[in-house]
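Chain by chain, the residues run as shown.
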Amino acid sequence: MSGRNTATQILKTSGSSYALPFHVPHRARRQAAYVAEALRHGHLRPDGPFFQRAQAWLADHTAAERVVLTNSCTAALEIAALTLELGPGDDVIVPTFTFCASATAFERTGARIVFCDIDPASMMLDPADLAHRLSDRTRVIVATHYGGGVADMEAILALARSRGIHVVEDAAQGFGTLRNDRPLGTFGTFGAFSFHDTKVVSCGQGGALIVNTDDRKLLELVTSIVERGTDFALVRSGKKAFYEWTSTGSSFQMGELEAAILTAEFEALDENLAARKRVAAALMRGMETLALPIMPIHADAQTVSNFHFMPALTRSAREAKDLIASQRKRGIDCRQHYVPLHLSPRAKAMSYGHGALLEAESTWDRLVRLPVHTAMDAYDVEMVLEGLKAWAG
Ligand SMILES: *Cc1c(COP(=O)(O)O)cnc(C)c1O
């Protein structure tokens, strides 16, 4: 981290009005050249050369049974929900502290969403609370990996497997994070990544579905759902002369231009992650020596984090608000995060009650996220630490 990113450079790339924006997307050097190449070859459908190249890279990276590049993480979760043929009478357990797509992708099938409480030490699904919410109706558990950390997959998979329940990993924030050297998204039946501009690796808008099953029926269904409900894959491979309507489906795949941008990002993943790690490590070291009245949420020792962001818990909601306001006054954009989904207008409109989820309710408004991104340098880290010191007084 040497040299100072000028504010104008940062503003140009993020559109933020803060001197230190909350997030600036990583832009790999070869993006523009790859997009130009895609326009030159002109094959812009979702099976073009960059689509194939990015998909092959991801297949190699995850060593999964199948990977599908999608137009969003939400789309990937929707493919999972459709493939599992969920519907009325089925329950899907979702942590209440997550983005609403973790629930909507499943809810729209007619399945019932059962919200689960979180462990405030990680802000992720609490396996003890999960155990109480399982029933004969439970078909799927959605495990959201929060902020560069990893949900307690050992405990979740143990509860799910003995009952024939599928686990779908919402790894929207977890691209690049490793658990015991294994990429997220490869533990459940399905995993879903996001390459939205707010994420660690982005192509504007995009995602991927990771399929970790060799069940032929599920694999065939994924193929036709992704092909908009047709057997077009057989035509493409020369096994059939014309395609027919075979299943439900939609237009879920990533376009060639996004795939070109994403290819450049995949090829620059190591330097992207290394830069994030330098910033996060410097922040954590500084925060430790300051002994602040806030508790950073760390990934554990078996996790290599992508440092999606730096979440920390204050002692009260008022303190969190005050911290965010004081940092913003200094030009540093800090953020709160999700309102628990069971408290949302959408959940309240559901015909069944969710009850109280006490841990989520007592932590969500104490959470503050500090900026971590690759446009930050040593000066920016110092600026954040100075701001925290001034606030703690
Ligand atoms: C960003 C995010 C999503 C949605 O990703 P899209 O690619 O925008 O659909 C879903 N779940 C979580 C946890 C996210 O952070």
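Residues numbered from 1 in each chain as written. Predicted model: local features only at pLDDT ≥ 70, side-chain atom pairs only at ≥ 80, totals over all residues. Heavy atoms only, no water.

Let us now look at the domain arrangement of the chain. Along its sequence, the chain is organised into domain 1 (6–23 + 269–392) and domain 2 (31–266). Facing 36 residues of domain 1, the contacting portion of domain 2 comprises 42 residues. Summed over both sides, the interface of domain 1 with domain 2 buries roughly 3,200 Å², with 59% coming from carbon and sulfur. Counting the surface domain 1 buries against domain 2, the share from its top three residues, Leu269, Tyr338 and Leu341, is 23%. Our count for the contact surface shared by domain 1 and domain 2 stands at 2 salt bridges. Its salt-bridge partner being arginine 346, residue glutamate 107 comes within 2.7 Å of it at the nearest N-O pair. At the boundary of domain 1 and domain 2, one finds 21 residue pairs in polar contact (both at pLDDT 80 or more). Elements with a contribution of two residues or more to the side of domain 1 that touches domain 2: α11 (269–290), β13 (303–304), β14 (310–313), α13 (345–348), α14 (358–363) and β15 (367–370). Of the residues assigned to the side of domain 1 that touches domain 2, the class counts are 20 nonpolar, 11 polar and 5 charged. (Domains from an automatic or database assignment. Contact = heavy atoms within 4.5 Å. Buried area = accessible area lost by both parts, 1.4 Å probe. Salt bridge = Lys/Arg side-chain N within 4 Å of Asp/Glu carboxyl O. Polar contact = N/O pair within 3.5 Å; in protein donor to acceptor, adjacent residues only side chain to side chain. Helix = DSSP H or I, 4+ residues; strand = E, 2+ residues; numbered from the N terminus. Nonpolar A, V, L, I, M, F, W, Y, C, P; charged D, E, K, R; others polar.)

Before going further, it helps to spend a moment on the site of the ligand. Near the ligand lie 15 residues; those nearest to it are Cys73, Thr74, Asp170, Ser194 and Lys199. Threonine 74 is positioned such that a nitrogen or oxygen atom in its side chain is 2.6 Å from an oxygen atom of the ligand. In the environment of the ligand, an oxygen atom lies 3.5 Å from a nitrogen or oxygen atom belonging to the side chain of tyrosine 338. Protein coverage of the free-state accessible area of the ligand, which is 390 Å², stands at 91%. (Near = heavy atom within 4 Å. Areas by Shrake-Rupley, 256 points an atom, 1.4 Å probe, with all protein chains shown as cover.)

Our focus in this paragraph is the environment of alanine 143. Topologically, alanine 143 is positioned in strand β6 (residues 138–144). The spatial distance from the C-alpha of alanine 143 to the C-alpha of arginine 330 is 36 Å, given a sequence separation of 187 residues.

The strand order across the open sheet formed by 7 strands is β1-β11-β10-β7-β6-β2-β3, and the pairing between neighbours is mixed. The open sheet has two edge strands with one neighbour each: β1 (66–70) and β3 (112–116). Sheet twist, expressed as the average angle between the axes of neighbouring strands with direction ignored, equals 20°. Sheet contacts for helix α8 (residues 216–226): β1, β7 (166–170), β10 (190–194) and β11 (207–211); angle to β1, the most-contacted strand, approximately 20°. (Pairing = 2+ DSSP bridges. Axes fitted to C-alpha atoms, helices over the stretch in contact; angles between N-to-C directions.)

Read from one edge to the other, the open sheet built from 3 strands follows the order β12-β14-β15, with strand pairing classed as antiparallel. Either end of the sheet is taken by a strand with one partner, and the two such strands are β12 (295–296) and β15. Here β14 runs beside β15; their pairing, made up of 4 bridges, is antiparallel. Bridged to alanine 312 within β15 is valine 368.

Under the definition given, this model contains 13 aromatic pairs. Geometrically, the ring pair formed by phenylalanine 97 and tyrosine 146 is edge-to-face, given 5.2 Å between the ring centres and 65° between the ring planes. Note that phenylalanine 97 is positioned in the loop between β2 (91–95) and α5 (101–107) and tyrosine 146 in the loop between β6 and α7 (153–161), a separation of 49 residues in sequence. Both residues of the pair, phenylalanine 97 and tyrosine 146, count as buried. The interplanar angle of 70° and the centroid separation of 5.7 Å between the aromatic rings of phenylalanine 232 and tyrosine 243 together place this pair among those described as edge-to-face. One end of the pair, phenylalanine 232, is in helix α9 (residues 232–236); the other, tyrosine 243, is in the loop between α9 and α10 (256–267), and 11 residues separate them in sequence. Residue classification places phenylalanine 232 among the partly exposed residues on the basis of a relative accessible area of 27%. Ring-pair connections join several aromatic residues into one group, and the members of that group are Trp57, Phe175, Phe193, Phe195 and Phe266. Of note, arginine 112 hangs over the ring of tyrosine 352, and the distance from its end group to the ring centre comes to 5.5 Å. Above the face of the phenylalanine 309 ring, arginine 369 is positioned so that its terminal group lies 4.7 Å from the ring centre. (Phe/Tyr/Trp six-rings, centres within 6.5 Å; stacked < 30°, edge-to-face > 60°. Buried < 20%, exposed > 50% of the residue type's maximum accessible area, 1.4 Å probe, protein only. Lys NZ or Arg CZ within 6 Å of the ring centre and 35° of its normal.)

Turning our eyes to something else, we now look at the state of the cysteines. A full pass over the atoms with the stated rule returns 0 disulfides. Here cysteine 203 is not disulfide-linked; the sulfur of cysteine 73 is the nearest cysteine sulfur, at 12 Å. With relative accessibility at 4%, the residue cysteine 203 sits in the buried group. (Disulfide = S-S within 2.5 Å.)

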